[in-house]
Amino acid sequence: MQSSAVSEITNTMPPALLVSATYDSQKKSAVLKFYEPISQKVLLWTDNTGHKPYCYSKLNPEELKFLSERKDIIKLEKASKQDLLRDRAVDVTKIVVSDPLAIGGTQTDKSIRNILETWESDIKYYENYLYDNSLIVGKYYAIENGKLKEFSYSIPDEVQLALKGLLYDKLTNVGIIDTKEFQDHIIEWANLLNQPVPKIKRVSFDIEVQSETGRIPDAKIAEKTITAISFCGSDGLKEVFVLKLAGKQLGTNELEPDIKISFYDKEVEMIRDAFKILTNYPFVITFNGDDFDMPYLYNRAERLGIELKDIPLIMMRDSATLKHGVHIDLYRAFSNRSFQIYAFSHKYNDFSLNSIAEGLIEESKIEYEGELDDLSLYELANYCFNDARITEKLTSFNNDLLMNLLVVITRIGRMPIDDISRMGVSQWIRSLFYYEHRKHNYLIPRREELEQKSATASTEAVIKDKKYRGGLVVEPTEGIHFNVFVMDFASLYPSIIKVRNLSYETVRCTHDECKKNTIPGTNHWVCTKKNGLTAILIGSLRDLRVNYYKSLSKNPSLNEDQKQLYTVVSQALKVILNASYGVMGAEIFPLYCLPVAEATTAVGRYTILETIEKCKSVGIQVLYGDTDSLFLKGPTRDQVQSVVNWAKTEFGVDLDLDKEYRYVVFSTRKKNYLGVQKDGKVDVKGLTGKKSHTPPFIRNLFYEILGILSEVKTEEEFSQSKQKIGDMISQYAKKLKAKQIPLQDLAFNVMISKAPSEYVKTIPQHIRAAKLLEQTREIKKGDIISYVKILNKPGVKPVEMARPDEIDSAKYMEFMESTFDQILSSMDLDFNSLIGAPKQTGLDQFFWN
DNA sequence: GCACGCCTCCAGGAG
DNA sequence: GTCTCCTGGAGGCGTGCC
């Protein structure tokens with residue numbers, strides 16, 4: 001008999017991490033999920049305080065009397081809330097109900113939010129429960145005598161000391177933010193974020209299913225047999241189940257010796273055993289389990305006659321979870337753009353398990369010839385286990401980086417960890433803001449109340465169809481520049497939000513006397529009487545990251561584990577802060593407020609423009625700049641310091657030295673440059689040669705050229721390098737002309753961002769190729785299409801369908817020319833003369849000679 | 001009929 | 001389903017020329 005990883009809490013619980021919350025529709029109560037790190041179990045706790053769902057109305061209880069006849073209405077209660085938009089108290093009626101569906105159900109004639117104008121009726125019940133009880137997911141709690149109690153680990157002295165230093169640094173509080181309220185927030189954040197993150201016990205699993213050629217099995221029907229199930233646990237479990245099928249070769253066992261393999265005669269027995277393993281772990285990890293593995297297993301189990309009570313899974317509208325444990329679908333987590341860019345620095349380009357694994361952990365899926373169904377049983381086992389192993393490794397590399405990040409973001413967003421892993425930044429920030437509203441008894445505004453503010457934009461975007469103007473990009477100074485300093489403003493937009501007190505309720509506030517506190521370049525003004533909620537929340541997180549965690553993560557007196565935590569916290573803050581401005585300008589964000597986003601970028605442009613003027617006035621040449629960065633040509637330390645000090649006192653922003661380049665090459669193009677740092681490291685920005693869709697042979701040539709450039713130290717060496725570069729390019733050009741380049745290396749790799757049929761306005765090249773591919777296999781959005789350019793008809797063909805003799809070499813030469821001109825033109829080199837083509841006729845001559 | 005210029009769509013990237 | 005700014009390739013369409 002296996003012991004379950006889960007148990008119901010009766011009366012007591014040792015300190016455990018609050019990880020998730022749900023609603024139990026049978027018991028009609030909120031249920032909390034705790035992870036207890038010593039027993040490594042999930043503990044369930046059902047509310048015993050009688051908390052009930054509710055929403056608010058501005059009608060008084062008398063006017064709402066007609067509701068009291070309903071059985072699902074418990075009571076109507078007078079309440080007073082603070083209305084931030086109008087800066088005054090407001091009387092409301094709290095409508096308390098017995099079931100969340102009474103408020104937000106789909107029955108249009110019954111659900112209260114459909115028949116009345118209501119406030120705070122679009123919040124999930126378990127979220128309400130968390131907010132009302134000031135429960136913070138990711139915090140430790142204990143239970144004594146049936147009562148929930150906060151639990152805090154003590155923080156090392158040197159960490160507390162660093163915090164004090166931050167609070168007494170007066171310079172960090174330029175602006176009108178009230179020091180006391182602001183500093184209380186900082187302390188509260190630090191105490192929460194400094195709590196240790198426990199090791200989370202987990203298992204990953206993966207299933208394989210029989211399938212027809214090119215068809216993806218349907219998880220809803222689950223009519224095909226499950227042939228293998230593999231598991232990989234953080235505790236060292238390595239196990240794979242394989243179904244013996246008639247006519248299948250056994251093959252030879254090439255599994256690593258520590259992997260346990262079991263063969264089954266009956267699929268249903270294999271599934272039952274799989275359920276035993278899954279219930280034995282508090283956390284279950286999958287790759288695409290929401291859409292495939294979990295529903296397939298669930299529906300297949302049902303189809304094979306396993307009773308519902310014996311299936312430990314729960315299917316929801318667009319996700320899947322466990323009755324007791326927590327399910328994290330890594331496909332959902334890694335698809336989050338904020339994670340992809342800010343936490344994992346764009347090391348993977350698409351969201352397939354293989355790309356993510358190659359980019360982050362240098363692992364890949366096992367390749368096989370032919371069909372999966374043709375593999376021997378041992379081969380299948382090996383393939384299947386490898387997927388589970390990679391999936392687990394994606395959560396454990398870098399000392400459990402991903403798990404730790406999720407826990408820390410959970411703390412900031414006050415949101416269950418399974419929701420954090422599935423939802424975007426706008427949802428995280430929504431949750432954080434709702435929590436804060438409840439904490440201070442502020443009424444959360446309805447969308448319509450905020451819409452009035454967003455109706456009028458006062459700036460015009462540079463790009464057509466955009467709502468407001470964004471960051472400023474300085475025209476680069478063309479040429480090669482030696483000894484270049486890159487300065488950047490630390491968290492510019494969050495700094496602006498803090499210093500200018502920006503928030504939905506403070507921008508264009510109701511007070512007449514605030515109207516003279518204007519935002520440059522707009523007709524907006526900002527409140528001078530009250531601190532903005534956004535300014536406090538984002539501002540305090542910004543100060544923590546910039547002044548505290550960045551240095552804590554390098555503090556030599558701390559041990560590795562501690563430093564690790566602070567690095568993770570710093571990264572989590574980076575993710576949140578980078579998104580915080582953007583959501584203010586996103587309609588899907590419930591507190592969307594266009595003037596806040598507009599004011600933020602307007603002040604950003606003002607700040608960088610004024611700083612450029614300041615640089616000029618102290619004699620520094622500014623070569624380029626983009627939004628929050630400045631490229632300075634050979635400034636002295638003193639010059640830099642004077643600008644830094646000026647920016648701090650004038651605007652309250654931190655201007656930091658980001659990089660020193662030995663030299664930088666600019667063309668006339670914005671967002672396009674190449675820089676070589678003092679240690680020879682090459683930075684390439686925006687150039688086509690680097691882009692992921694560029695054919696490998698051009699990208700390889702591009703990187704070889706960068707290799708040459710990284711060696712260059714002086715202007716003389718630079719001239720010498722030109723010869724080498726020329727030789728290299730003409731060598732590749734000759735190969736191309738002679739058709740010696742393998743087809744694979746000629747392929748453009750472009751992602752299809754919607755279903756092929758949805759391209760109606762124009763048919764791009766990769767879609768033309770995809771349509772040819774569709775004849776043999778299914779094409780979904782998110783797939784990467786590999787195609788080559790050919791001479792005939794549509795001009796493109798999928799690589800696997802093309803022949804070497806139909807390649808359009810001239811097209812490739814054109815692409816090479818434009819790609820390398822991006823660097824060559826500003827180095828005084830000409831592509832055509834490099835490859836030995838005559839000036840006038842250029843490419844044509846080169847080709848037909 | 002076809003070269004061209006102009007605009008739009010699309011993808012990928014910087015910040 | 002955070003945002004705007006920028007580049008480059010190709011498709012689509014109208015215009016004017018032969």
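So, here's what we can say about the structure.

### So, the overall build of chain A
Item 1. The number of helices and strands found in chain A is 26 helices and 28 strands.
Item 2. Taken along the three principal axes of its C-alpha coordinates, chain A extends 90 × 85 × 55 Å.
Item 3. Of all intrachain contacts in chain A linking residues separated by at least 6 positions in sequence, the fraction that spans at least 24 positions is 68%.
Item 4. As displayed, chain A has an accessible area near 37,900 Å², and 47% of this comes from carbon and sulfur atoms.
Item 5. Here chain A carries 111 positive and 115 negative side-chain charges, and the mean point of each set is 3 Å from the other.

### A few points about helix H14 (residues 447-454)
Item 1. Three or more residues of H14 are buried, namely Glu449, Leu450, Lys453 and Ser454. The buried residues of H14 occupy an angular sector of 140° when projected down its axis, which confines them to one face.
Item 2. Tucked into the core, H14 has its buried residues touching strand S8 (118-119) and helix H18 (594-617).

### Some thoughts on the protein's contact with DNA strand C
Item 1. Taken together, 33 residues lie around DNA strand C, and Gly470, Arg669, Lys670, Lys789 and Ser818 are the ones closest in.
Item 2. Each atom of DNA strand C within 4 Å of the protein belongs either to a base or to sugar and phosphate, the latter forming 84%.
Item 3. Contact between DNA strand C and Arg669: a phosphate oxygen at 2.3 Å from a side-chain N or O atom of the residue.
Item 4. Between DNA strand C and Lys670 there is a distance of 2.8 Å, counted from a phosphate oxygen to a side-chain nitrogen or oxygen.
Item 5. Put simply, the parts of the chain that give the surface near DNA strand C at least two residues each are helix H9 (337-343), helix H13 (425-439), helix H17 (560-584), helix H23 (765-773) and helix H24 (809-824).
Item 6. When residues in the surface near DNA strand C are grouped by element, the largest group, 3 residues, is from H17.

### Quick look at the protein's contact with DNA strand B
Item 1. Near DNA strand B, the surroundings consist of 22 residues, among which Asp628, Ser692, Met751, Ser753 and Tyr759 are the closest.
Item 2. What you see for DNA strand B is that sugar and phosphate hold 89% of its atoms within 4 Å of the protein.
Item 3. Between DNA strand B and the protein, one listed contact pairs a phosphate oxygen with a side-chain N or O atom of Tyr759 at 2.4 Å.
Item 4. His766 is positioned such that a nitrogen or oxygen atom in its side chain is 3.1 Å from a phosphate oxygen of DNA strand B.
Item 5. Per-class residue counts for the surface near DNA strand B are 6 nonpolar, 7 polar and 9 charged.

### Details of the pairing of strand S15 (residues 283-286)
Item 1. Both faces of S15 are covered, namely the face carrying Phe283 and Ile285 and the face carrying Val284 and Thr286.
Item 2. Two strands pair when backbone bridges link them, and strand S11 (residues 202-209) and S15 are joined in this way by 3 bridges, in the parallel orientation. Bridging across to S15, Val203 finds its partner in Val284.
Item 3. Both S15 and strand S18 (residues 326-329) contribute to a ladder of 4 bridges, which runs parallel.

### Focus: the packing of H18 against helix H19 (residues 637-651)
Item 1. Contact pair H18 / H19: the axes reach a minimum separation of 11 Å and the direction vectors enclose 140°. One way to sum up the angle between H18 and H19 is to call them oblique. For the pair H18 and H19, the sense of crossing is right-handed. Residues Tyr606, Thr607, Glu610, Thr611, Lys614 and Cys615 of H18 form the contact with H19, whose participating residues are Val643, Trp646 and Phe651.
Item 2. When the residues that make up the contact of H18 with H19 are grouped by side-chain class, the tally is 5 nonpolar, 2 polar and 2 charged.

### Points about the packing of aromatic side chains
Item 1. Scanning the model with the defined rule gives 41 aromatic pairs in all.
Item 2. Centre to centre, the rings of Tyr54 and Tyr56 are 5.5 Å apart; their planes meet at 70°, and the pair counts as edge-to-face.
Item 3. Residue classification places Tyr54 among the buried positions, given a relative accessible area of 3%.
Item 4. Between Tyr548 and Tyr549 the ring centres are 4.7 Å apart and the planes differ by 70°, which places this aromatic pair in the edge-to-face class.

Parameters and conventions
Here the residue index of a chain counts from 1 through its sequence in written order. By the order in which they are written, chains take letters starting at A while ligands take numbers starting at 1. Local features in this predicted model are restricted to residues whose pLDDT is 70 or higher, and side-chain atom pairs enter the listing and the counts only when it is 80 or higher, whereas totals over whole chains, interfaces and linings include all residues. Water and hydrogen atoms were dropped before computing side-chain values, which therefore reflect all heavy atoms in the structure. In this text, helices come from DSSP runs of H or I with a minimum length of four residues, and strands from runs of E with a minimum of two, each type numbered from the N-terminal end. Here, two residues are considered to be in contact whenever any of their heavy atoms come within 4.5 Å of each other. Accessible surface area values rest on a Shrake-Rupley calculation with a 1.4 Å probe, where residue burial reflects the displayed protein chains alone. Positive charge is attributed to Lys and Arg, negative charge to Asp and Glu, and no charge count is given to His or to the chain ends. Throughout, a charge is located at the NZ atom of Lys, the CZ atom of Arg, the CG atom of Asp or the CD atom of Glu. Three exposure classes are used, based on accessible area relative to the maximum for each residue type with a 1.4 Å probe and protein chains only: buried under 20%, partly exposed in between, and exposed over 50%. The directions considered for the arc are those from the helix axis to the C-beta atoms. If a single non-hydrogen atom of a residue is within 4 Å of a molecule or strand, that residue counts as near it. What qualifies as a polar contact is a pair of N or O atoms within 3.5 Å, subject to a donor-acceptor requirement within protein and to the restriction that residues adjacent in sequence count only when both atoms come from side chains. Charged means Asp, Glu, Lys or Arg here, nonpolar means Ala, Val, Leu, Ile, Met, Phe, Trp, Tyr, Cys or Pro, and polar covers whatever is left, Gly included. For two strands to be treated as a pair, DSSP must find at least two bridges joining them. Where helices are involved, their axes are fitted lines through C-alpha atoms of the stretch in contact, as for all axes, and angles between N-to-C directions lie from 0 to 180°. Should an angle lie under 35 degrees it is considered roughly parallel, over 145 roughly antiparallel, and from 65 to 115 roughly perpendicular; all remaining angles are considered oblique. The hand of a helix crossing depends on one turn: near helix anticlockwise from the far one by less than a right angle means left-handed, and clockwise means right-handed. Ring pairs shown here join Phe, Tyr and Trp side chains whose ring centres sit within 6.5 Å, with only the six-membered ring taken for Trp; geometry is labelled stacked below 30 degrees between planes, edge-to-face above 60, and tilted in between.

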